[in-house]
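This is what each chain is made of:
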Amino acid sequence: VPSKQLILDLTDGLVTNEDEGWMHHECRKLMPSLVARLRNRSGILLLCGYTANVDRGLRRSAMALAKSTISAHPLNEPIRRFATRHSQVVSGARLSTQTQASLYAAISDWHSKKISERRATLENIAAAKASAERKLGYAPTTEALWKSIRGPNVTQKKIRSFLWKVMHGALPCGINWNDNPEYADRALCQHCQVRETEEHLLVQCPDSCQSTLWALANGLLRRRGLPQLAPATLGDILTCGLPNRKLKLTPGQERLRTIVIAETAWLIWVIRCKWVIDDESDPDLYPSIPELENRWWKMINSKLDFDILASDKKRYEAKAIDTNTVKDTWDGLLADGATLTESLKRHRNVGVLVGRGLAARRPPGRNR
């Protein structure tokens, strides 16, 4: 066989894998039947990896057998078992070797078999892939898409949870209020009186704060040399953690893009929830444009403060953010004359703010 890992799984790691019920193996549904089939052999079994020195005919024969087996037994599909003696198939896990974490993982895996994919999840994943192919230059795998929303650039748990809910169409809006007759009116957008969805709420509603906040986000991205989101789409939000292969961006630019898009989407959601729930959709209490701008800039500057504090390697060791990454992220965005050098030396903000451009120098109270 060409895989050294497979040989290790069937020899040195066989006892451990069977004790764990093959739980952590990528072919956990197939391996018990394969092991049982090999144990049915009466003679000595030798497993060896072939190299360029192995006879070409043997390699061709091995590849043909592998392809025929894969076509008959798709990876991790319900197994139509090999012709084996039932007594040779070792199923389950050895209880004496299990921990609380491994048992919990096994229970979760057992429950997940009963759950089918949500239609909203499949639709959002398809939309995210289409957006990535159009704007990032490639179509990511589903696994890469899920990993991206909890990647290193999405540091806060609340943002990861928010993106996870958006991906699943699980935000408490729209049809998700239908099960509660007391709040059935919240299923409609309080601005447009149409069925509220994640996409309408975050990127489409013409009368909410979303257009104002996305305009601010676009302005900051443009100053950093990043492509604009005009108009922003739900796919932009779901793919904010994926790298852009169309453009040669630095790690800091990729990181800034993720922070700005994810945090802006989160702020839109927070403002909507406060107005609909706390303020009971009172039009007089909806935030004004200056208030929205101030909240957005405060949020962005809080991200800068966090990066400065988290760059302390003495305190946070391996979890600390590299100072070069911080500089690369915020380069060219600071207020006039501001520098990160002193703040990064002290690991606290000594007066560094993300600048607003010309608007920052306009005296308060004067007309534009």
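Residues numbered from 1 in each chain as written. Predicted model: local features only at pLDDT ≥ 70, side-chain atom pairs only at ≥ 80, totals over all residues. Heavy atoms only, no water.

Per an unreviewed UniProt entry, the protein chain goes by Reverse transcriptase zinc-binding domain-containing protein and derives from Ephemerocybe angulata.

Trainee: Before we go on, may I ask you to explain the pattern of salt bridges in this structure?
Mentor: A pair can form between side chains of opposite charge whenever their charged atoms are brought close. Inspection of every chain in the model, using the stated rule, returns ten salt bridges. Between Lys313 and Asp322 there is a salt bridge, with its nearest N and O atoms 3.7 Å apart. (Salt bridge = Lys/Arg side-chain N within 4 Å of Asp/Glu carboxyl O.)

Trainee: What exactly am I supposed to notice about the environment of Arg39 here?
Mentor: Position of Arg39 among the secondary structure elements: in helix α3 (residues 31-39). Judged by relative accessible area, Arg39 falls into the partly exposed class, the value being 34%. Once the C-alpha coordinates of Arg39 and Val89 are considered, the two residues, 50 residues apart in sequence, prove to be 9.2 Å apart. Those residues within four positions of Arg39 in sequence are excluded, and the remaining contacts are Leu14, Glu18, Gln88 and Val90. (Helix = DSSP H or I, 4+ residues; strand = E, 2+ residues; numbered from the N terminus. Buried < 20%, exposed > 50% of the residue type's maximum accessible area, 1.4 Å probe, protein only. Contact = heavy atoms within 4.5 Å.)

Trainee: I tried to follow a positive patch on the surface on my own but got confused; where do I start?
Mentor: Among the surface-exposed residues, Lys147, Arg150, Lys157 and Arg160 lie close enough to one another that they form a single positively charged patch. Structurally, Arg150 can be placed in the loop between α7 (142-148) and α8 (157-168). (Patch = residues over 30% accessible without salt bridge, like charges linked within 9 Å, V, L, I, M, F, W, Y side chains within 5 Å. Areas by Shrake-Rupley, 256 points an atom, 1.4 Å probe, with all protein chains shown as cover. Lys, Arg positive; Asp, Glu negative; His and termini not counted. Charge placed at Lys NZ, Arg CZ, Asp CG, Glu CD.)

Trainee: Help me understand helix α12 (residues 251-278) in this model?
Mentor: An α-helical turn contains 3.6 residues, so any two residues separated by three or four positions project in the same direction. With 28 residues, α12 should cover 40 Å at 1.5 Å per step; its first-to-last C-alpha distance of 39 Å lies within 8% of that length. With 23 of 28 residues buried, α12 lies mostly within the body of the structure. In the stretch just after α12, Glu280 is the one whose phi turns positive, near 55°. (Expected span 1.5 Å × (residues − 1).)

Trainee: Please clarify how unusual backbone geometry should be interpreted in this entry.
Mentor: In terms of backbone geometry, most residues other than glycine have negative phi values and most peptide bonds are trans. The backbone phi angle of Glu280 is positive, close to 55°, even though this residue is not glycine. Within the secondary structure, Glu280 is located in the loop between α12 and α13 (289-310). Using a relative accessible area of 66% as the deciding quantity, one classes Glu280 as exposed. One non-glycine residue, His347, lies in the positive phi region at around 60°. Following the sequence through the fold, His347 ends up in the segment after α16 (341-346).

Trainee: Sorry, what's going on with the packing of aromatic side chains here?
Mentor: Aromatic ring pairs: the centre-centre distance and the angle between the two ring planes describe each pair. Within the structure shown, the criterion is met by three aromatic pairs. Taking the centre distance of 5.7 Å and the plane angle of 75° together, the rings of Phe162 and Trp266 count as edge-to-face. With Phe162 in helix α8 and Trp266 in helix α12, this residue pair connects regions lying 104 residues apart in the sequence. The cationic tip of Arg245 hangs over the ring face of Tyr138; the distance from NZ or CZ to the ring centre is 3.9 Å. (Phe/Tyr/Trp six-rings, centres within 6.5 Å; stacked < 30°, edge-to-face > 60°. Lys NZ or Arg CZ within 6 Å of the ring centre and 35° of its normal.)

Trainee: Hey, could you run me through the environment of Asp109 in this one?
Mentor: Following the sequence through the fold, Asp109 ends up in helix α5 (residues 100-112). Among the residues examined, Asp109 registers a relative accessible area of 17% and is labelled buried. Those residues within four positions of Asp109 in sequence are excluded, and the remaining contacts are Met23 and Arg28.

Trainee: Can you walk me through the packing of helix α10 (residues 210-223) against α13 in this structure?
Mentor: For any two helices packed against each other, one specifies the inter-axial angle together with the distance between the axes. At a minimum axis distance of 10 Å, the contact between α10 and α13 shows a crossing angle of 45°. As summarised for this structure, α10 and α13 are arranged oblique, according to the angle between their axes. For the crossing formed where α10 meets α13, the hand is right-handed. Between α10, through Thr212, Leu213, Leu216, Ala217, Leu220 and Arg223, and α13, the contact on the second element is made entirely by Ile289, Leu292, Glu293, Trp296, Trp297 and Ile300. For the contact of α10 with α13, a count of residues per class yields nine nonpolar, one polar and two charged. (Axes fitted to C-alpha atoms, helices over the stretch in contact; angles between N-to-C directions. Parallel < 35°, antiparallel > 145°, perpendicular 65-115°, else oblique. Left-handed = near helix turned anticlockwise from the far one by under 90°. Nonpolar A, V, L, I, M, F, W, Y, C, P; charged D, E, K, R; others polar.)

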